[in-house]
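Breakdown of the fold
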Amino acid sequence: MPDSSVIVSAAANIALIKYWGKSDQPGNQPATASLSVGLEDLRTITRVSVSETDAIIGELGEQGRARLSSFINRFREEHDIQQALNVSTENNFPTASGLASSASGFAAITLALTHLFKPEMTDLEKSQVARQGSGSAARSVYGGYVEVVLSDDSYAQPVMPAEDWPLDVLVAVVQENSKAMGSSEAMKHTAATSPVYADWIDTHKADMDIARSAIAERDFVKLADISEHSCLKMHSTMMTSRPPVLYWKPATVSIIHLAQHLRAAGTQVFFTIDAGAQVKLICAPEDTQTVVRALDAVEGISRLIKTRIGGEPRISQ
Ligand code: PMV
């Protein structure tokens, strides 16, 4: 008999080569590929049980609840599933601060629904389902180094396990309240109004190739340079939009300078920033403490979360 209840723990991820912009195809298709690392300790835990009536329990906010509910309904319609579902979901990290929760959240619900109703689906197919909830969620179906491959139905695939090149990630929270504009809206706005958006699309494949080879060669400086470039290029499309989208706070800029200064002095660290003010610092484990100490001097950091890369999803009854 198939399971009637499942618990999934899926991890957030951080893109080193960013996805920014959607294609004009339906199904939340990205306009660019992307490459990420899973964040082992930042997880969404979602429990789904077949039930008498539908319910969604969790601190999702009105918008988050509506998005999750329509995702579940679409999955049920597509696969002709009649059962009512009780869904409870929580993050083990603060979501109000704009840390990516859509990636782990939509990966967790995808893995739960497919475990219960479509266990024959491959990981690739599960990543396509997760992508429809949020582009970055396609990557959280796996742990470690992961890339999104563009196709008519774009999907994620593993690049390398985290153990093959273990790195740490420090998340410096510099803004506690939610960001002003969500990523989907900001993507649409930049694509429509930024004069450099076309260049962003044109140069993306080359950035992916460099990042892939940096990972294969375990070349920290090469990965650092291309990741910071991808991040700054993505933010430059936002800043050159009209009106501009500027997520950064003064502390965001201070940490960028700090990371560049530390790396010039030989510390293995680089920064990346998503659609928000928080800075993620990727560090070689032997240098993580040096970075933590240096961050002490930066004003405006309200919290520092440390994790290693990893993030393999976990499924239990
Ligand atoms: O998955 P979404 O739709 O929230 O978009 C994610 C966009 C970035 O986080 C800025 C970049 C990325 O590739 O994760």
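Structural data are supplied above this passage.
Here the residue numbering is sequential within each chain, running from 1 through the sequence in written order. Only residues with pLDDT of 70 or above have their local features reported here, since the model is predicted, and side-chain atom pairs are shown and tallied only from 80 upward, although totals for entire chains, interfaces and linings are computed over all residues. Calculation of side-chain values draws on the structure's entire complement of heavy atoms; hydrogens and water are dropped beforehand.

Some points on the overall build of the chain
Note the cut-off: Put simply, DSSP marks the helices as runs of H or I at least four residues long and the strands as runs of E at least two long, and each gets a number from the N terminus on. Only the C-alpha atoms count toward the radius of gyration. The rule for a globule is 2.2 Å times the residue count to the power 0.38. By definition in these notes, contact holds between two residues if any of their heavy atoms fall within 4.5 Å. Throughout, the Shrake-Rupley method with a 1.4 Å probe supplies accessible areas, and for residues the shown protein chains are the sole cover considered. Under the convention used here, Asp and Glu are negative, Lys and Arg are positive, and both His and the chain ends fall outside the count. Note that the charge is assigned to NZ on lysines, CZ on arginines, CG on aspartates and CD on glutamates.
A count of helical and extended segments in the chain gives nine helices and eleven strands. Since a compact globule built from 317 residues should have a radius of gyration of about 20 Å, the 19 Å found for the chain is in line with a globular shape. Dimensions of the chain, computed from the C-alpha atoms along their principal axes, are close to 60 × 40 × 40 Å. Considering only contacts within the chain whose residues lie at least 6 apart along the sequence, 74% involve residues at least 24 apart. Accessible area of the chain: about 13900 Å², with a carbon and sulfur share of 51%. Seen as two clouds, the 28 positive and the 37 negative side-chain charges of the chain have centres 3 Å apart.

Focus: the side chain of lysine 126
Note on placement: lysine 126 falls in helix 3 (residues 123–133). Those residues in contact with lysine 126 that sit more than four places away from it in its chain are Thr110, Leu111, Thr114, Met121 and Val141.

Here we look at the site of the ligand
Let me state the cut-off plainly: We call a residue near a molecule or strand whenever a single non-hydrogen atom of that residue lies within 4 Å of it. Whenever a nitrogen or oxygen atom comes within 3.5 Å of another N or O atom, the pair is scored as a polar contact, on the condition that within protein one atom can donate a hydrogen and the other can accept it, and that pairs from neighbouring residues in sequence are kept only if both atoms are in side chains. Those domain boundaries reflect an automatic or database domain assignment.
Among the 14 residues in the neighbourhood of the ligand, the closest are listed as Tyr19, Ser134, Ser136, Arg139 and Ser183. The separation between an oxygen atom of the ligand and a polar side-chain atom of serine 183 is 2.9 Å. Protein chains shield 92% of the accessible area of the ligand, which is 380 Å² for the free molecule. The residue makeup of the shell around the ligand includes at least three contributed by each of domain 1 (5–161) and domain 2 (168–308).

Comments concerning helix 1 (residues 61–78)
Formally: The length a helix should cover is 1.5 Å for every residue beyond the first. For every residue, the accessible area (1.4 Å probe, protein chains only) is compared with the maximum for its type, and the residue is labelled buried under 20%, exposed over 50%, or partly exposed between those bounds. Note: the arc covers the axis-to-C-beta directions of the helix.
With 18 residues, helix 1 should cover 26 Å at 1.5 Å per step; its first-to-last C-alpha distance of 26 Å lies within 8% of that length. Taken together, the buried positions of helix 1 are occupied by Leu68, Phe71, Ile72, Phe75 and Arg76. One face of helix 1 carries all of its buried residues, which in axial projection span an arc of 135 degrees. Those residues of helix 1 that are exposed and angled more than 90 degrees off the buried face are Glu62, Gln63, Glu77 and Glu78.

Description of the sheet that holds strand 9 (residues 279–283)
Our working rule: Between any two strands, pairing holds if DSSP finds at least two bridges. For helices, the fitted axis covers only the stretch in contact; all axes are lines through C-alpha atoms, and the angles between them, taken along N-to-C directions, range from 0 to 180 degrees.
Sheet architecture is open: four strands sit in the order 8-9-7-10, paired in antiparallel fashion. Each of the sheet's edge strands pairs with one partner strand only, and the pair in question is strand 8 (269–272) and strand 10 (303–308). When the angles between neighbouring strand axes are averaged without regard to direction, this sheet yields 20 degrees. As judged from the six bridges shared by strand 7 (residues 168–173) and strand 10, these two strands associate in the antiparallel manner.

Some thoughts on the pairing of strand 9
Here is the key point about a regular strand: its side chains alternate between the two faces of the sheet. Counting buried positions along strand 9 gives five out of five residues, so the element sits mostly inside the fold. Neither face of strand 9 is exposed, since Val279, Leu281 and Cys283 on one face and Lys280 and Ile282 on the opposite face are all buried. Examined bridge by bridge, strand 7 and strand 9 share five bridges and lie antiparallel to one another. What sits directly across from valine 171, in strand 9, is lysine 280. Two strands pair when backbone bridges link them, and strand 8 and strand 9 are joined in this way by four bridges, in the antiparallel orientation. Across the sheet, the residue bridging to phenylalanine 270 is isoleucine 282, located in strand 9. Linking strand 8 to strand 9, which pair antiparallel, is a turn of six residues.

Details of the packing of aromatic side chains
Heads up, the rule is: Stacked, edge-to-face and tilted are the three classes for Phe, Tyr and Trp ring pairs, Trp counted by its six-membered ring, which pair at centre distances within 6.5 Å; planes under 30 degrees apart are stacked, over 60 edge-to-face, the rest tilted.
All chains considered together, the criterion is met by four aromatic pairs. When the centroid spacing of 6.2 Å and the interplanar angle of 10 degrees are considered together, the rings of tyrosine 145 and tryptophan 165 count as stacked. Highlighted residues: tyrosine 145 in strand 5 (residues 145–149) and tryptophan 165 in the loop between strand 6 (155–160) and strand 7, separated in sequence by 20 residues. Accessibility classification places tyrosine 145 together with tryptophan 165 in one group, the buried group. For the ring pair tryptophan 165 and phenylalanine 220, a centre distance of 6.5 Å and an interplane angle of 85 degrees mean the geometry is edge-to-face.

Regarding the nonpolar core
A general tendency of soluble globular proteins is for nonpolar side chains to be buried together. Put simply, the rule is: Throughout this description, the term nonpolar core refers to a set of buried Ala, Val, Leu, Ile, Met, Phe, Trp, Tyr and Cys residues connected via side-chain atoms within 4.5 Å.
Counting 33 residues, the largest nonpolar core has Trp20, Ile255, Phe271, Leu281, Val291 and Leu295 as the members making the most contacts within it. Mapped onto this core, the elements with two or more residues apiece are strand 7, helix 4 (183–193), helix 5 (197–202), helix 7 (220–239), helix 8 (250–264), strand 8, strand 9 and helix 9 (288–295). Tallying contributions element by element places helix 8 first for this core, with six residues.

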